[in-house]
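Below are the chains, spelled out letter by letter.
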Amino acid sequence: MTTRLFYDTDCSLEPLAGKTITFIGYGNQGRAQALNLRDTFKNAQNVTQPKIVIANQEDSYAKTAEQDGFGYTTDWAAAAAEADVLFLLVPDQIQPDLFNNQIAPKLKKTACIVVASGYNVFYKYLNFTSSNDIVMVAPRMVGASVRSLYESKQGYPCFVSVEQDGTGQAWPLALALCMAVGATKGGAIESSCREEALTDLFAEQAIWPTVIAVFREGYKLLKELGCSDEALVHEMWLSKEPAEIFESAADLGFIKQLVGHSSVSQYGQLKGSQEMDVSWLKKHFEHVAKERVLEGAFAEEFTAAEQKPGGIDGALKKLYQEAEKSELAVGEKRVRERLGLKT
């Protein structure tokens, strides 16, 4: 089945005309999407502007909302009660308690709930009523880029889905939201909360951990073979060559970017990747995708960590402390100190 792509020409802002749109959270995605939405309607003709409400706890993000001209409230329930459309954009681990206990009881029966991550919807951690529309509008980049690309009139990759069509009008509303936040300039991609959660968590728990482990173990071996910290740090990442490689992959294609390397490099990378025994990797990836993500083992572990003393912040602190003991981290710290770089 071919995945649908949605562009500006497939959408209308009319489903949002005159509505009250509440943003729960004004952080990474909240600020970018709220500003984009406001600017879209400012530039739209013959469409009644919606009312935008920002709800945020008393912190630096709330002050930013005030500076941006929105103002804000710390009363989650009151903000939810106004909403025709509610963007739920606080961190994943905070959403269930906040939504289920303070927001859901106050929502209109026809309100549309918008998420930017499939996590809590896929794992059924949020208590929805059958009359509500549940949609996902999930930009595939950080909020700062969502905003900067919008300002430069460029599109950005974004997943969109309808998880529950309580009103029978969820798709026109979802596409209106995509258009309003600038996601249909480059083509919003039809997806699902399951797909978003699977691809996102798989990348975070399989692909990038493998990259970290490869660099860590490669560093350790080459140190044992007599290479200096300076040589390894610069060769492996400080030169920014890996960043340039990934940028070329985005521009030219994952494989085609190799043509920018030397013949020795091209031969070594292609031959090595084709001859490598990846049976262990496939087994590990299947474990992550099936057991940890789709069957929920990670979500249960993450929820349990949040409920322990210190919560997620405490768990992360311990993980960072352990990672900083590696030969790679210790070696890099020495090099950065010698070069006068930020450590």
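These numbers come from a predicted model, not from an experiment.

Rules behind the numbers
- Residues numbered from 1 in each chain as written.
- Predicted model: local features only at pLDDT ≥ 70, side-chain atom pairs only at ≥ 80, totals over all residues.
- Heavy atoms only, no water.
- Pairing = 2+ DSSP bridges.
- Helix = DSSP H or I, 4+ residues; strand = E, 2+ residues; numbered from the N terminus.
- Patch = residues over 30% accessible without salt bridge, like charges linked within 9 Å, V, L, I, M, F, W, Y side chains within 5 Å.
- Areas by Shrake-Rupley, 256 points an atom, 1.4 Å probe, with all protein chains shown as cover.
- Salt bridge = Lys/Arg side-chain N within 4 Å of Asp/Glu carboxyl O.
- Buried < 20%, exposed > 50% of the residue type's maximum accessible area, 1.4 Å probe, protein only.
- Right-handed = clockwise from strand over helix to strand, strands pointing away.
- Phe/Tyr/Trp six-rings, centres within 6.5 Å; stacked < 30°, edge-to-face > 60°.
- Polar contact = N/O pair within 3.5 Å; in protein donor to acceptor, adjacent residues only side chain to side chain.
- Contact = heavy atoms within 4.5 Å.

Chemist: Residue-level account of the sheet that holds strand β5 (residues 112-115), with values.
Modeler: Taken in spatial order, the 8 strands line up as β1-β8-β7-β6-β5-β4-β2-β3 in an open sheet, and their pairing is mixed. At either margin of the open sheet sits one strand with a lone partner, and together these are β1 (5-6) and β3 (51-55). Where β5 lies against strand β6 (residues 133-139), 4 bridges are found, and the strand directions are parallel. Across the sheet, the residue bridging to Val115 is Met136, located in β6.

Chemist: Describe a nonpolar patch on the surface, listing the residues and the values that go with them.
Modeler: On the surface, a nonpolar cluster with roughly 680 Å² of combined accessible area is contributed by Ile207, Trp208, Val211, Phe246, Phe254, Ile255 and Leu270. On the basis of relative accessible area, Ile207 is assigned to the partly exposed category, the value being 37%.

Chemist: So what about the pairing of β3? Which residues, and what values?
Modeler: Among the 5 residues that make up β3, 4 are buried, leaving the element largely enclosed by the rest of the structure. Crossover handedness for the path strand β2 (residues 20-24) to helix α1 (residues 28-43) to β3: right-handed.

Chemist: So what's going on with the packing of aromatic side chains? Residues and values would help.
Modeler: In this description, an aromatic ring pair is defined by two values, namely the gap between the centres and the angle between the planes. Under the definition given, this model contains 14 aromatic pairs. Consider the rings of Tyr119 and Tyr125, whose centres lie 6.3 Å apart with planes at 55°: the pair is tilted. By relative accessible area, which is 26% here, Tyr125 ends up partly exposed. On the numbers, 6.5 Å between centres and 50° between planes, the contact of Phe215 with Trp237 is tilted. On the criterion of sequence distance, the pair formed by Phe215 in helix α8 (residues 193-224) and Trp237 in helix α9 (residues 229-238) is long-range, its members being 22 residues apart. A relative accessible area of 21% places Trp237 in the partly exposed class.

Chemist: Can you lay out the side chain of Asn56 for me, pointing to particular residues and giving the numbers?
Modeler: Tracing the sequence through the fold places Asn56 in the loop between β3 and α2 (60-67). Polar contacts involving the side chain of Asn56 include one to the main-chain amide nitrogen of Tyr26, which spans 2.8 Å. Within the structure, Asn56 has its side chain in polar contact with the side chain of Asp59 (distance 2.8 Å). Apart from residues lying up to four places away in sequence, Asn56 is in contact with Gly25, Tyr26, Tyr61, Ala62, Tyr72, Thr73, Thr74 and Trp76.

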